[in-house]
Amino acid sequence: MSVLLTLTRIVQSAAEADSPAVQVNCVVDGIQREMAVDVCSLFLRTDHGELLLVASHGLGQAAIGRVSVPAGKGLVGEVAESRHPLNIVEPARHPAFFYLPGSDEEQFRSFCAVPLVRRGAVIGVLVVQRRAPAAFSPEEEAFLVTLGAQLALVVANWEDWQLAEASGFRNLTGLPGAPGIGMGQVYLCEDLDLFSVADGRCVNMQEELHMWRQLLATVQTEVKAEQSTLDSSLSQEVSGIFDAYLMLLADPMLTQGVEEGIGGGRDLPSALRIVVQHYADLFMAMDDPYLRARHEDIRHLGNRLYSAWIRSQHTSASALPQGPVILVGRHVSVSDIANTPREQLAGVVCFQGSILSHTAVLANALGVPAVMGVGEVKGLADGVSILIDGAAGKVFLEPDSVLQQEYSKLQASEHAFTDRLESLRDKPAVTRDGVAISLYANSGLTADIMPGLRNGAEGLGLYRTEIPFMISETFPSEEEQYQLYREVMAAYGDKPVYMRVLDIGADKPLPYFPIHEENPALGWRGIRFCLDNASLLLSQLRAMLRAAGMAGNLQIILPMVSALGELREFTAVLDDALNQLDSAGHAVRRPPVGIMVEVPAAISQLGKWRSYIDFISIGSNDLSQYVLAVDRNNPRVAASYDHLHPAVVAEIARVVQAAEQLDLPVSLCGEMSSDPHAVPLLVAMGIRRLSMSAAQLPRIKWLIRAMDSAKAQSVYDEVCKAGDSDEIRAVTSAYLSDLAFPGLVKQTR
Ligand code: PEP
Ligand code: MG
């Protein structure tokens with residue numbers, strides 16, 4: 001049996017434990033068993049820097065949770081300090097040996113320890129010991145090193161839990177997703193127990209069967225996505241497990257078994273429970289220990305399907321409790337957000353993802369605080385009181401009254417500032433020295449159309465048409481799209497509306513059209529997908545053109561363009577759409593067409609593409625991702641994803657210069673346009689139109705009205721000399737504090 005499969009199973013069973021104490025015990029017991037050692041111990045670093053023994057199989061239990069190794073002391077301290085494994089015999093004779101009282105470790109004569117490192121810092125040490133005085137083999141050491149790398153991810157939240165126990169509340173740290181303070185009760189979007197589901201009868205067999213097929217498609221998409229985000233060092237072996245999940249999802253024993261259950265009158269959850277239980281029991285009874293262990297995979301998958309089913313059911317307000325709620329889940333989906341009444345939606349917490357996940361982008365658009373990438377949180381239940389600070393990436397479970405009061409004060413002062421901003425609604429965004437900047441809104445949900453207008457948007461700078469596609473159950477028909485686009489165009493009257501053609505793929509999957517790819521960010525997405533599905537594109541264009549009629553305010557944007565051929569092909573499809581509508585007697589006109597500059601290849605090619613495009617809009621979210629080769633959704637590399645990286649700033653300046661030479665109107669519609677640190681730089685570069693989440697618009701208008709473009713130019717000149725984003729932020733922070741920009745500490749990165 002593969003070493004890596006073994007360790008994946010240990011890590012997986014730990015990840016499923018309900019509390020950190022059980023989790024760490026699962027790990028040490030699992031390793032002790034698999035490696036046939038006498039001792040396996042886990043030390044984790046506390047706030048004070050010492051290494052606390054948190055779990056052990058084999059050492060005296062009296063020492064657990066009580067004894068710790070001071071920083072830099074003992075063999076464990078040495079491993080932590082050097083970040084290097086130590087594999088020795090006769091540890092008690094080693095000069096650095098430090099006796100742990102109550103541990104009885106003097107009887108063990110071989111010792112191997114590896115550091116647990118997360119985001120560059122040592123968070124703990126994993127130790128194995130044997131009575132026999134024989135060094136661990138290189139294979140055993142390599143096993144421990146590999147396990148340590150995975151374990152560092154699993155136990156990352158351990159310290160937060162301990163703090164929570166000491167202070168009465170649980171405090172989790174994630175990444176800022178969308179600014180603002182949210183308080184309410186937890187409303188879980190997934191992670192439920194299939195095996196406690198009661199028997200139920202289905203009301204409409206056809207609907208239940210349809211739901212089942214959709215559920216399978218959704219979970220297949222999710223499993224594929226997870227498969228591709230796993231550590232590359234483990235990818236081959238771990239992929240085996242995910243492939244097994246995908247095979248199970250396609251296995252007739254499961255798919256038909258559930259269909260037969262529904263056919264027999266059961267509702268979906270109970271039909272699923274019976275099949276999964278039966279399937280798991282079959283594996284449990286097998287002689288081969290490897291196959292026997294697979295019953296866990298089946299149960300795990302059953303729970304996945306059930307969670308997805310629960311999520312799909314949270315479609316009406318009646319499923320929600322009264323009062324403000326904070327949606328919590330591994331991936332809170334766009335439809336979870338869309339289906340929660342805005343007046344109840346107080347925040348979003350995702351175990352995974354980062355500021356540029358579409359969940360965070362949407363939360364920003366709606367002005368809803370969000371915290372991303374807090375890691376797996378176990379033992380949470382609906383109704384638990386929760387407070388989140390979106391700008392700081394902090395989550396507090398069951399906050400005490402002192403903390404609540406503190407945050408309420410902060411929230412009140414934020415609201416007061418927002419109220420002050422309301423008076424700016426009809427004032428222009430003009431710098432003190434007279435440079436006018438047009439502020440447009442980004443949108444995708446019908447729910448955020450009006451907030452943009454209410455906040456004084458001069459146009460709709462980016463309408464993400466994929467969002468309605470994502471919350472629909474099938475590809476929307478031309479007629480459905482027409483109705484929707486009509487509504488959007490009508491709301492904006494004669495103000496410009498920039499509609500982007502479907503930009504799916506990567507982190508924007510369609511539940512009814514799963515795409516399985518090794519590397520989706522570089523795969524079938526944006527314009528590539530549209531052109532390969534030309535009939536979908538044609539009906540989308542027909543719907544847009546019909547919705548605009550003879551009005552001159554529609555502009556069409558193409559996402560992810562990387563080659564001239566794409567523009568030629570698109571033009572042919574647009575010609576077709578116009579000809580078809582014209583022959584059918586519709587009064588339509590050819591809209592201006594532009595591209596998102598988000599693939600770096602576009603920058604040097606703008607001149608050659610000029611005759612096909614009327615404008616450009618910089619998509620700084622994807623442009624940063626591709627310039628820096630950093631996945632915008634991966635919390636592990638979130639610290640490296642930064643639109644204020646000097647290379648991103650320089651590329652944007654290059655785009656603006658090219659646009660000026662080519663007489664191409666240029667705007668920016670990524671999250672950068674609402675980052676106060678970035679706005680003075682963009683203005684200095686020459687950008688005169690910014691498009692952002694409706695909720696951010698008033699703050700940015702305030703900033704522009706406080707700014708002086710000549711001063712912004714000198715700030716930009718200084719920024720051009722900076723070597724990294726910290727240096728850039730130091731320069732921009734100084735300028736923002738000169739302007740007394742409120743909420744300065746809340747950097748949007
Ligand atoms: C961008 O990439 O900056 C952008 C605005 O598009 P999206 O975030 O929808 O990919
Ligand atoms: Mg993009």
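Residue numbering note: each chain is counted from 1, following its sequence as written. The order in which chains are written sets their letters, starting at A; the order in which ligands are written sets their numbers, starting at 1. Reporting in this predicted model follows two pLDDT cut-offs: at least 70 for local features of residues, and 80 or more for side-chain atom pairs to be given and counted; totals over whole chains, interfaces and linings ignore these cut-offs and use all residues. Side-chain metrics rest on all non-hydrogen atoms present in the structure, leaving aside hydrogens and water.

Right, let's talk about the overall build of the chain for a bit. The numbering of helices and of strands both runs from the N terminus, where a helix is a DSSP run of H or I of at least 4 residues and a strand a run of E of at least 2. Along the backbone of the chain there are 26 helices and 22 strands. When a residue's accessible area, from a 1.4 Å probe over protein chains only, is under 20% of the maximum for its type it is buried; when over 50% it is exposed; and in between it is partly exposed. Here the chain holds 749 residues, and the buried ones make up 56% of them. Every residue pair with non-hydrogen atoms within 4.5 Å of one another is taken to be in contact. Long-range pairs, those at least 24 residues apart, make up 67% of the contacts in the chain between residues at least 6 apart in sequence. Each accessible area value is a Shrake-Rupley result obtained with a 1.4 Å probe; residue values ignore everything except the protein chains displayed when judging cover. Carbon and sulfur atoms make up 52% of the accessible area of the chain, which amounts to about 29,800 Å² in all.

Moving on to the coordination of the magnesium ion (ligand 2). The coordination sphere of the magnesium ion (ligand 2) contains the protein donors Glu598 (OE) and Asp622 (OD), at a distance range of 2.1 to 2.3 Å. With a gap of 24 residues between them, Glu598 in the loop between β19 (593–597) and α20 (601–609) and Asp622 in helix α21 (residues 620–628) connect regions that are remote in the sequence. The pair formed by Glu598 and Asp622 is uniform in burial state, with each residue classed as buried. Here the coordinating atoms are restricted to nitrogen, oxygen and sulfur within 2.8 Å of the metal centre, or 3.2 Å for Na, K and Ca, and because water is not among them the sites may look incomplete.

What follows covers the environment of Ala363. Relative to the helices and strands, Ala363 resides in helix α12 (residues 358–366). Overall, Ala363 belongs to the buried group, its relative accessible area being 1%. Separated by 18 residues in the primary sequence, Ala363 and Leu345 have C-alpha atoms spaced 9.8 Å apart.

Moving on to α21. Taking burial as the measure, the 9 residues of α21 include 8 buried ones, the bulk of the element. By the burial criterion, the buried members of α21 are Ser620, Asn621, Asp622, Leu623, Ser624, Gln625, Tyr626 and Leu628. Here the buried face of α21 lies against β16 (460–464), β19, α20, β20 (615–618), α22 (646–662) and β21 (666–668). One or two positions beyond α21, positive phi appears at Ala629, with a value near 55 degrees.

Taken together, 6 strands build an open sheet; the order of strands is β3-β2-β1-β6-β5-β4 and the sheet is antiparallel. Edge positions in the sheet fall to β3 (68–69) and β4 (86–89), since each has one partner strand and no second. Two strands pair under a simple rule: DSSP has to find at least two bridges between them. Bridge count for β4 against strand β5 (residues 110–118) is 4 bridges, and the pairing is antiparallel. What sits directly across from Val89, in β5, is Ser110.

A word on the site of ligand 1. Around ligand 1, the structure places 15 residues, and the nearest of them are Arg464, Arg500, Gly619, Asn621 and Arg632. Throughout this description, a polar contact denotes any pair of N or O atoms lying within 3.5 Å of each other; where both atoms belong to protein, one of them has to be capable of donating a hydrogen while the other can accept it, and for residues adjacent in sequence the pair is counted only when both atoms sit in side chains. The separation between an oxygen atom of ligand 1 and a polar side-chain atom of Glu598 is 3.0 Å. Within the backbone of Gly619, an N or O atom sits 3.4 Å from an oxygen atom of ligand 1. In the complex, 100% of the free accessible area of ligand 1, which totals 280 Å², lies under the protein chains. The greatest single-element share of the shell around ligand 1, amounting to 3 residues, is contributed by α21. Partitioning the shell around ligand 1 into residue classes produces 3 nonpolar, 5 polar and 7 charged. We call a residue near a molecule or strand whenever a single non-hydrogen atom of that residue lies within 4 Å of it. Residue polarity follows a fixed list, in which Ala, Val, Leu, Ile, Met, Phe, Trp, Tyr, Cys and Pro are nonpolar, Asp, Glu, Lys and Arg are charged, and the others, Gly among them, are polar.

This paragraph deals with the nonpolar core. Within this scheme, the nonpolar core is defined by two criteria: the residues are buried Ala, Val, Leu, Ile, Met, Phe, Trp, Tyr or Cys, and they are joined through side-chain atoms within 4.5 Å. Core analysis: the largest hydrophobic core is formed by 103 residues, its most contacted members being Leu541, Leu558, Phe570, Ile595, Ile616, Ile652 and Leu690. Top contributing element to this core by residue count: helix α18 (residues 534–548), with 9 residues. Beyond its immediate chain neighbours, meaning those up to four positions away, Leu541 contacts Val501, Ile556, Phe570, Val573, Leu574 and Ala577. By size, the runner-up hydrophobic cluster in this structure holds 33 residues, among which are Leu194, Val258, Val275 and Ile298.

This next bit is on the state of the cysteines. Two cysteine sulfurs form what is called a disulfide whenever their separation falls within 2.5 Å. Evaluation of the coordinates by the stated rule reveals 0 disulfides. Considering cysteine sulfurs only, Cys350 is the nearest to Cys189, which forms no disulfide, with 8.2 Å between them.

Now for the packing of aromatic side chains. Between rings of Phe, Tyr and Trp, where Trp is taken as its six-membered ring, a pair exists when centres lie within 6.5 Å; planes separated by under 30 degrees are stacked, by over 60 edge-to-face, and by other angles tilted. Per the counting criterion, the structure on display carries 11 aromatic pairs. Where Phe513 meets Phe529, the ring centres are 5.5 Å apart and the plane angle is 85 degrees; that geometry is what we call edge-to-face. In this pair, Phe513 sits in the loop between β17 (497–500) and α17 (526–532) while Phe529 sits in helix α17, placing the two residues 16 residues apart along the sequence. Using a relative accessible area of 1% as the deciding quantity, one classes Phe529 as buried.

On to the environment of Arg130, then. Within the fold, Arg130 resides in strand β6 (residues 121–130). Spatially, the C-alpha atom of Arg130 lies 9.3 Å from that of Val89, the residues being 41 residues apart in sequence. With residues up to four places along the chain from it excluded, the contact list for Arg130 reads Met35, Ala36, Val37, Asp38, Phe108, Arg109, Ser110, Phe136 and Glu140.

On to unusual backbone geometry. In the Ramachandran plot, Ala629 falls in the positive-phi region, its phi being about 55 degrees despite a non-glycine side chain. By secondary structure assignment, the location of Ala629 is in the loop between α21 and α22. Although it is not a glycine, Ala740 sits at a positive phi angle of roughly 60 degrees. By the element assignment, Ala740 lies in the segment after α26 (725–738). By relative accessible area, which is 52% here, Ala740 ends up exposed.

What follows is about the packing of α21 against α22. Helix axes are fitted only over the stretch in contact, all axes being lines through C-alpha atoms; the angle between N-to-C directions runs from 0 to 180 degrees. At a minimum axis distance of 10 Å, the contact between α21 and α22 shows a crossing angle of 120 degrees. Looking at the two axes, α21 sits oblique to α22. As α21 runs across α22, the sense of the crossing is right-handed. Note on element contacts: α22 touches α21 through Ala647, Val648, Glu651 and Ile652, opposite Ser620, Leu623, Ser624, Val627 and Leu628. Each angle is binned into one of four classes, with values under 35 degrees roughly parallel, values over 145 roughly antiparallel, values of 65 to 115 roughly perpendicular, and all other values oblique. When the near helix sits turned anticlockwise from the far one by under a right angle, the crossing is termed left-handed; a clockwise turn instead gives a right-handed crossing.

Our next topic: the side chain of Ser270. Structurally, the position occupied by Ser270 is in helix α9 (residues 268–284). A polar side-chain atom of Ser270 sits 2.6 Å from a polar atom in the side chain of Asp267. If sequence neighbours within four positions are ignored, Ser270 has contacts with Val197, Ala198, Asp199 and Gly200.

Now for the confidence of the model for the chain. The predicted model of the chain averages 85 in pLDDT, with 88% of residues at 70 or higher. Taken as a whole, residues 163–168 scores under 50 in pLDDT and shows 7 contacts with residues more than four places along the chain or in a different chain. pLDDT measures how confident the predictor is about each residue, on a scale from 0 to 100. Every residue in residues 229–238 scores below 50 in pLDDT, and together they form 14 contacts with partners more than four places removed in sequence or on other chains.

The next subject is the side chain of Ser56. In this structure, Ser56 sits in strand β2 (residues 51–57). Here Ser41 takes part through its side chain, which lies 3.1 Å from a polar atom of the side chain of Ser56. In this structure Ser56 touches Val28, Val39, Cys40, Ser41, Gln61 and Ile64, once residues within four positions along its chain are discounted.

The next thing to look at is the pattern of salt bridges. Two side chains that carry opposite charge are able to pair once their charged atoms sit near each other. Note on definitions: salt bridges are taken to be side-chain nitrogens of Lys or Arg within 4 Å of carboxyl oxygens of Asp or Glu. Under the defined criterion, the tally for this structure stands at 20 salt bridges. Taking the shortest distance from any N to any O, the salt bridge between Arg109 and Glu90 comes out at 2.6 Å. Of this pair, Arg109 sits in the loop between β4 and β5 while Glu90 sits in the loop between β4 and β5, placing them 19 residues apart in sequence. Accessibility expressed as a relative area gives 18% for Glu90, which makes it buried. As a salt-bridge pair, Arg654 and Glu651 come within 3.0 Å of each other at their nearest N and O atoms. Remark: Glu651 and Arg654 occur in helix α22; sequence separation between them is 3 residues, near one turn of the helix.

Here the focus is helix α16 (residues 478–492). If you check α16, its first and last C-alpha atoms are 21 Å apart, about what 15 residues at 1.5 Å a residue would give, namely 21 Å. Along α16, the residues that are buried comprise Glu478, Gln481, Tyr482, Leu484, Tyr485, Val488, Met489 and Tyr492. Two residues or fewer after α16 comes Gly493, characterised by a positive phi angle close to 55 degrees. Expected helix span is taken as 1.5 Å per residue step, with the number of steps being one fewer than the number of residues.

Neither face of β20 is exposed, since Phe615 and Ser617 on one face and Ile616 and Ile618 on the opposite face are all buried. Relative to β20, β19 runs parallel, the two sharing 4 bridges. Within the sheet, the bridge partner assigned to Gly594 lies in β20 and is Phe615. Relative to β21, β20 is paired through 3 bridges, and the arrangement is parallel. Considered in β21, the bridge of Ile618 is made with Leu668.

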